[in-house]
Amino acid sequence: MADERRTLHEVKGVLPPPSERIPVLRWLKQNLFRSWFNAILTVVAAAVILVVVYGLLRWALTEARWEVIPTNLRLLLVGTYPLEQMWRVWATIYLVVFLFGFSSGLRGGLIRRVSAGVAAVPIVLTVLPLPWGTRGWILGTAAAVAVGLGLGYLGKGNRWSKRLETAGWLLSFPISILLLNGVGGFLPVVEGRNKWGFMLNLLGAVVGIGLSLPVGVLLALGRRSKLPAIRLVCTAYIELIRGVPLISLLFMASIMLQLLLPANIRPDLVIRAMMTITAFSAAYMAENVRGGLQAIPKGQYEAAYAVGLKGMLTTVLIILPQALRAVIPAIVGQFIALFKDTTLFGFIAILELLNISRSILGNLEWRGRIFELYVFIGVVFWILCYTMSYVSRRIEKTLGVGER
Amino acid sequence: MEKRKVVSSHAIPFWRDIRVLRVVSQIVFLVAIAAGIWWLLNNLQTNLRNSGLSITFRFLGDTAGFPISEGLTYDPTNVNVYAFLVGVVNTIRVAVIGIVLATIIGTLVGISRLSSNWLVRRLAALYVETVRNIPLLVQLFFWYFAVMLTALPLVKDSISLPGSIYLSRRGLYLPSLVPTASFSVWLWFLLGGLALAIVVYVLRRAQLKRADRPGIPIGWAAIALVLVAVAGWFIVSGNPLSIDLPVLKRFNFEGGLWLSTPFASLVLGLAMYTGAFIAEIVRAGILAVSKGQTEAAKALGLRKALVLRLVVMPQALRVIIPPLASQYLNLTKNSSLAILIGYYDLLNVGTTIFNQTGRAVEMILLIMGSYLTMSLFMSLLMNLYNRRIKLVER
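Here is what the cut-offs are and how they apply
- Residues numbered from 1 in each chain as written.
- Chains lettered and ligands numbered in written order.
- Predicted model: local features only at pLDDT ≥ 70, side-chain atom pairs only at ≥ 80, totals over all residues.
- Helix = DSSP H or I, 4+ residues; strand = E, 2+ residues; numbered from the N terminus.
- Rg over C-alpha atoms; globule rule 2.2 N^0.38 Å.
- Buried ≥ 20, exposed ≤ 12 C-beta atoms within 10 Å, placed from the backbone.
- Contact = placed C-beta atoms within 7 Å.
- Domains from an automatic or database assignment.
- Nonpolar A, V, L, I, M, F, W, Y, C, P; charged D, E, K, R; others polar.
- Pairing = 2+ DSSP bridges.
- Axes fitted to C-alpha atoms, helices over the stretch in contact; angles between N-to-C directions.
- Core = buried A, V, L, I, M, F, W, Y, C linked by C-beta atoms within 7 Å.
- Parallel < 35°, antiparallel > 145°, perpendicular 65-115°, else oblique.
- Left-handed = near helix turned anticlockwise from the far one by under 90°.
- Expected span 1.5 Å × (residues − 1).
- Arc of directions from axis to C-beta.

A.B. asks: Looking at this model, I keep getting lost on the overall build of chain B. Mind explaining?
C.D. replies: Each helix and strand counted, chain B has 12 helices and 8 strands in total. Taken over C-alpha atoms, the radius of gyration comes to 28 Å for chain B, far larger than the 21 Å a tight globule of 394 residues would show. Per-residue burial for chain B yields a buried fraction of 29% across its 394 residues. At a minimum sequence separation of 6, the contacts of chain B that also span at least 24 residues come to 68%.

Spelled out as structure tokens, the structure:
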């Protein structure tokens, strides 16, 4: 195409289109110094950036004592998870990472780019001053992605491989939890579940979203139901939960649950936190799903009835798949919010990342390393949340949600 | 017609009749919910009886007995319910100041993200992406524990800023205005000025409407108010307000207005965090106004500022208001994180009362009830405003 056009220009003597490239000076004038007001803005903004960057760099390179992070890295990430059981954490990571690889081998597109990121992270991480054993485990994750990718390619076109993929993702959820927690009789149960550090933040968000999705779908359907009793109860639940802060629900779970349950049922702290975050998230999920349901045109219902589908089947086969597809970005957004909210677990004496950092600060050796720890926590959350919001924006684009 | 109906109702057995099914399914659902609630309440009753408690709100009249360092005038000998009220007022104080600041930050950053200046645009985007993707609690801890409690000096060597403002680990001390004896007289002038301002506003509004011109004549009303207030200031004998400067005594400052460090960190953290979300809402709202509108306004010869104020903003507001309202609600709910940095908001006072009295059910009802009331009140206000703005649409 480009070649043809060039010949056309040469033959007929038509001028080529103006170059896309703008000279540096003109770019500066257009983007930075368009008017005197703009010039002042540029100077002020540049000054702000310089001061902040200079201050940060000077602190990070000279004053900060970063050894607090690598020394306590295990404590921060997995808390008191016993060293001899660490293979279970790695096995969980390998399982998830393998599934990423498998999916990208099977599908390509966005998921492949995500998997490339997943595989690139361990290679970057090995630069950090970590013990050689840990480096080996980390590099293994890249290998797991590769194995998954290979198997995915092989299975491409096979109709069983897609079912295998779905089953894998669905099963990975209970398998991970059983693997980490332990199963009576097979794997020893790990004690001190409330001190797992960053793992609890991740688990909290995954469990919260995973369990709240079905509940949220039911609540959303209930809120749109034609039956007034069901509609009223669902609406009341959604609005009550959305009207109060999560931390007050956590407070309620920490002191009220033992009053509301019979004396022989005493769920431990982590279970309580997970129940709370699920109940909380379900209300928000319901509103997201309701948004998706409202976006389905009436013709879809009518067409389904015309084909002879009954109410339940219409919902499950026709409406929900479309509605859920449309709200994937919103669900990712909720996942990010929930992930950030898991830092509130510290309120009910759960040692997640933020709270465990405070117990490290209580140690005399690390007193005063507060900036380093908070910057580290901020960066960890930032990287994960930013990546997820990037992925969600890409999904939005591929789904064309914005355009419809 | 009559005959066919009879036939059809005979043809469908009752367990497949949609009308019967509807009623039955609702009854089953309600019974299931009621059974669940009954089970929970039954457990509650058993558990309470075992620990020798009963549900009563009489403890609210007992002496609180714990200190609250800021907010309304309060003494540990005051009753529990008053202590709780102090907490509620503190929450409202944080929420109102936070909302105002967050709106200012959000609007500025949101407009900056659409600036024609590359550097400003990037800086605003950097701010939004950084602040949005870090948990609010981490930010609050950062401001409170890392910045305010370690980077600021002790009280005895406070940073003193011009105008008798002192900054230290204890907080920010500002000069405050204290009413004097002649204040009550001047208050009448103030009220009169307010009345005049309202009259001016209504008249000018009607005049604008007759001329079919847009605009909210808030400036005219403000001028009327200020004129009367200033006139009153000179007419009344002696200054109605005196300035109270904070003075460093042996251990601490006395006098003046005190904003505690937890309060300052909470307001700062909430305003910056919510401001980033509001910036995105403002940006989306402005982008939602089609470009033709701006071009048409420019073609009419309006200046850039007027284009924004008279053409873009009124249309953008319709898109902005609903999500903005939910951000305001979020800020109010997020102010409950105060408990983790030691500010006495309603949750903090509520849990303290619970710790003192052991009244779990009652305190949770009170706390949840307060938050729900605030949320409902706020969404009511926002819905009213939203409706008013929508009326402009034709």
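Anyway, onward from the coordinates.
A.B. asks: What's the story with the overall build of chain A in this structure? I'm lost.
C.D. replies: Along the backbone of chain A there are 18 helices and 0 strands. When the backbone C-alpha atoms are referred to their principal axes, chain A occupies close to 90 × 70 × 50 Å. Across chain A, every contact between residues at least 6 apart in sequence was considered, and the portion connecting residues at least 24 apart equals 74%.

A.B. asks: Can you help me understand unusual backbone geometry in this one?
C.D. replies: Leaving glycine aside, a negative phi is the common case for residues, and trans is the common case for peptide bonds. Despite not being glycine, A349 of chain A has its phi angle at roughly 60 degrees, a positive value. Mapped onto the fold, A349 of chain A is located in the loop between helix 16 (328-341) and helix 17 (353-361).

A.B. asks: Sorry if this is basic, but what is going on with the domain arrangement of chain B here?
C.D. replies: One frequently used descriptor of interface size is the decrease in accessible area upon assembly of the parts. By domain assignment, chain B separates into domain 1 (2-50) and domain 2 (80-175 + 245-391). Here domain 1 of chain B and domain 2 of chain B have C-alpha centroids that lie 47 Å from each other.

A.B. asks: Looking at this structure, I do not really get the interface of chain A and chain B. What am I missing?
C.D. replies: Of the residues lining the interface, 44 residues belong to chain A; the matching set on chain B comes to 46 residues. At the level of secondary structure, the elements contributing two or more residues to the side of chain A that touches chain B comprise helix 3 (36-63), helix 10 (228-243), helix 11 (246-255), helix 12 (257-260) and helix 18 (370-399) of chain A. Examining the composition of the side of chain A that touches chain B, we find that 10 residues originate from one element, helix 18 of chain A, more than from any other. Here the residues of the side of chain A that touches chain B are counted per class, giving 34 nonpolar, 8 polar and 2 charged.

A.B. asks: Is there a simple way to explain the domain arrangement of chain A in this structure?
C.D. replies: All names here are of chain A. What the domain assignment reports for chain A is domain 1 (64-80 + 196-404) and domain 2 (81-191). For domain 1 and domain 2, the distance between their C-alpha centroids amounts to 22 Å. Taken residue by residue, the interface counts 11 residues in domain 1 and 9 residues in domain 2. Where the side of domain 1 that touches domain 2 is concerned, the elements lending two or more residues are helix 4 (68-78) and helix 18. Broken down by element, the residue count for the side of domain 1 that touches domain 2 peaks at 5 residues, all from helix 18. Broken down by class, the residue content of the side of domain 1 that touches domain 2 amounts to 5 nonpolar, 5 polar and 1 charged.

A.B. asks: I would appreciate a short explanation of the sheet that holds strand 3 (residues 171-174) of chain B in the present structure.
C.D. replies: Strands in a sheet are paired, the pairing made by backbone hydrogen bonds, and the direction either parallel or antiparallel. Residues and elements named next belong to chain B. On the basis of which strands lie adjacent, the open sheet formed by 4 strands has the order 1-2-3-8 and antiparallel pairing. Strands with a single pairing partner mark the edges of an open sheet, and in this sheet they are strand 1 (159-161) and strand 8 (257-260). On average, each strand axis in the sheet is tilted by 15 degrees relative to the strand beside it, whichever way the strands run. Strand direction decides the pairing type here: strand 2 (residues 165-168) and strand 3, joined by 3 bridges, are antiparallel. Across the sheet, S168 pairs through a bridge with G171, a residue of strand 3. Here helix 8 (residues 261-288) sits on the sheet in contact with strand 3 and strand 8, set at roughly 65 degrees to strand 8.

A.B. asks: When you look at the environment of T107 of chain B in this model, what are you seeing that I'm missing?
C.D. replies: With respect to the element layout, T107 of chain B can be found in helix 3 (residues 80-112). It is 9.0 Å that separates the C-alpha atoms of T107 of chain B and I281 of chain B, two residues lying 174 residues apart in sequence.

A.B. asks: I'm lost on the nonpolar core in this one. Help?
C.D. replies: Generally speaking, nonpolar side chains in soluble globular proteins are found buried as a group. Counting 127 residues, the largest nonpolar core has I247 and L250 of chain A together with L137, V138, L140 and L266 of chain B as its most contacted members. Considering each element in turn, this core owes the most residues, 14 residues, to helix 8 of chain B. Of all hydrophobic cores here, the second largest spans 11 residues; its members include V97, F98, V118 and A144 of chain A.

A.B. asks: How do you make sense of the environment of T46 of chain B when you look at a structure like this?
C.D. replies: All names here are of chain B. Considering the arrangement of structural elements, one finds T46 in helix 2 (residues 18-50). In this structure T46 comes out as partly exposed when scored by C-beta crowding, with 13 C-beta atoms within 10 Å. The spatial distance from the C-alpha of T46 to the C-alpha of G87 is 32 Å, given a sequence separation of 41 residues.

A.B. asks: How should I be thinking about the environment of I356 of chain A in this particular structure?
C.D. replies: Residue and element names in this part refer to chain A. Tracing the backbone through its elements, the reader meets I356 in helix 17. Sequence separation between I356 and P321 is 35 residues, and the spatial gap between their C-alpha atoms is 41 Å. Residues contacting I356, with those up to four places away along its chain left out, are L75, L76, G79, G197 and L351.

A.B. asks: What should I look at first to understand the packing of helix 14 (residues 298-307) of chain A against helix 15 (residues 311-326) of chain A in this one?
C.D. replies: The relative placement of two packed helices comes down to the angle between their axes together with the axis-to-axis distance. All names here are of chain A. Taken N-terminus to C-terminus, the directions of helix 14 and helix 15 make an angle of 155 degrees; their axes are 10 Å apart at the nearest point. Relative to helix 15, the element helix 14 is oriented roughly antiparallel. Crossing handedness for the pair helix 14 and helix 15: right-handed. Counted together, Q300, Y301, A304 and Y305 of helix 14 and T314, I318, I319 and Q322 of helix 15 form the full contact between these two elements.

A.B. asks: For this particular structure, what's the right way to read the pairing of strand 3 of chain B?
C.D. replies: Across a regular strand the side chains alternate sides, sitting on one face of the sheet and then on the other. Residue and element names in this part refer to chain B. Following strand 2, the chain reverses through 2 residues before pairing antiparallel with strand 3. Bridging between strand 3 and strand 8 involves 4 bridges; their strand directions are antiparallel. When the sheet's bridge partners are listed, L174 is paired in strand 8 with L257.

A.B. asks: Sorry if this is basic, but what is going on with the packing of helix 6 (residues 110-125) of chain A against helix 7 (residues 132-154) of chain A here?
C.D. replies: Residue and element names in this part refer to chain A. Relative orientation of the contacting elements helix 6 and helix 7 amounts to 155 degrees, with a least axis distance of 8 Å. On the basis of the axis angle, helix 6 is roughly antiparallel to helix 7. Between helix 6 and helix 7 lies a crossing of left-handed hand. Touching S115, V118, A119, P122, I123 and L125 of helix 6 are I138, L139, T141, A142 and V145, all from helix 7.

A.B. asks: For this particular structure, what's the right way to read the pairing of strand 2 of chain B?
C.D. replies: Residue and element names in this part refer to chain B. Judged by which residues are buried, strand 2 turns out to be one-sided: Y166 and S168 face inward and are buried, whereas I165 and L167, on the alternate face, are not. Direction of pairing for strand 1 relative to strand 2: antiparallel, over a ladder of 3 bridges. Looking at the pairing, I159 lines up with L167 of strand 2. In this structure, the hairpin formed by strand 1 and strand 2 is closed by a connection of 3 residues, where G163 is found at a positive phi of approximately 90 degrees.

A.B. asks: Can you help me understand helix 3 of chain A in this one?
C.D. replies: Because an α-helix completes one turn every 3.6 residues, residues spaced three or four positions apart along the sequence face the same direction. Look at helix 3 of chain A: 39 Å from first C-alpha to last across 28 residues, which is about the 40 Å you get at 1.5 Å a residue. For helix 3 of chain A, the full list of buried residues reads N38, L41 and A45 of chain A. Of the surrounding secondary structure, the elements contacted by the buried residues of helix 3 of chain A are helix 4 (118-132) of chain B.

A.B. asks: Any chance you could explain helix 7 (residues 218-235) of chain B here in plain terms?
C.D. replies: All names here are of chain B. Here helix 7 contains 18 residues, and its C-alpha end-to-end distance of 26 Å stays within 8% of the 26 Å for a straight helix at 1.5 Å per residue. When we look at burial in helix 7, the residues that qualify are A221, A224 and L225. Buried positions in helix 7, seen along its axis, are confined to an arc of 95 degrees and lie on one side of it. Turned more than 90 degrees away from the buried face of helix 7, the exposed residues are G219, V226, V230 and F234. Where the residues of helix 7 are buried, they touch helix 6 (183-210).

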